[in-house]
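Residues per chain, in single letters:
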Amino acid sequence: MTKKLLFVTTLLLVVAFVAFAADVTGKWTYETAGRQGGPARQTTITLKQDGAKLTGSVPAMMGGRGRGGAAADPNAPPPAPPADQEISNGKVDGNNISFEVKRTTPNGDMVTKYEGTLDGDSLKLKITTPNMQGGDPRVNEVVAKKATT
């Protein structure tokens, strides 16, 4: 009888924990420092949680494309921004999340890893981007805020 009671209590605690677990679904915005002292760049990612599975997208990197140059036609419409990149391997474990974004570059595929912890309406993210020249990866730590609209 005691084992059954312990099992039922444990099961109820697990169900309660899952029911009260935070949901990261929504749009999250963070800022990163601009390059070479330029203005900060704002990035909005979109996440959708389905249980322990996480899907969504992040904006594509501009990488200097679409800026034109001296020979660019000043009357031409600006180029369309690149399509958002879908996330892969997205996981939710309690208040911890992780996912990857794979981008194809002229130098090959690049996988950026995102790891985060949800705390209310803040998402603390560690973003690890590989160095395509073979050096140490670049690690940025940011705090994303949940968008209200």
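Residues numbered from 1 in each chain as written. Predicted model: local features only at pLDDT ≥ 70, side-chain atom pairs only at ≥ 80, totals over all residues. Heavy atoms only, no water.

Focus on the sheet that holds strand β2 (residues 41-50)
Read around the closed barrel, the eight strands follow the order β1-β2-β3-β4-β5-β6-β7-β8; overall the barrel is antiparallel. Averaged over all pairs of adjacent strands, the angle between strand axes in this sheet comes to 30 degrees, irrespective of strand direction. By the bridge criterion, two bridges tie strand β1 (residues 26-32) to strand β8 (residues 138-146) in an arrangement that is antiparallel. What sits directly across from T29, in β8, is K145. (Pairing = 2+ DSSP bridges. Helix = DSSP H or I, 4+ residues; strand = E, 2+ residues; numbered from the N terminus. Axes fitted to C-alpha atoms, helices over the stretch in contact; angles between N-to-C directions.)

What about the nonpolar core?
Core analysis: the largest hydrophobic core is formed by 19 residues, its most contacted members being L47, I97, F99 and L125. Broken down by secondary-structure element, the contributors of at least two residues to this core are β1, β2, β3 (53-58), β4 (85-93), β5 (96-105), β6 (108-119), β7 (122-129) and β8. In contact with L125, not counting residues within four places along its chain, are Y30, I45, I97, E115, G116, N140, E141, V142 and A144. (Core = buried A, V, L, I, M, F, W, Y, C linked by side-chain atoms within 4.5 Å. Buried < 20%, exposed > 50% of the residue type's maximum accessible area, 1.4 Å probe, protein only. Contact = heavy atoms within 4.5 Å.)

Quick word on the packing of aromatic side chains
All chains considered together, the criterion is met by one aromatic pair. Their ring planes at 10 degrees and their centres at 4.5 Å tell us that F99 and Y114 sit as a pair that is stacked. Highlighted residues: F99 in strand β5 and Y114 in strand β6, separated in sequence by 15 residues. We classify F99 as buried; its relative accessible area is 2%. (Phe/Tyr/Trp six-rings, centres within 6.5 Å; stacked < 30°, edge-to-face > 60°.)

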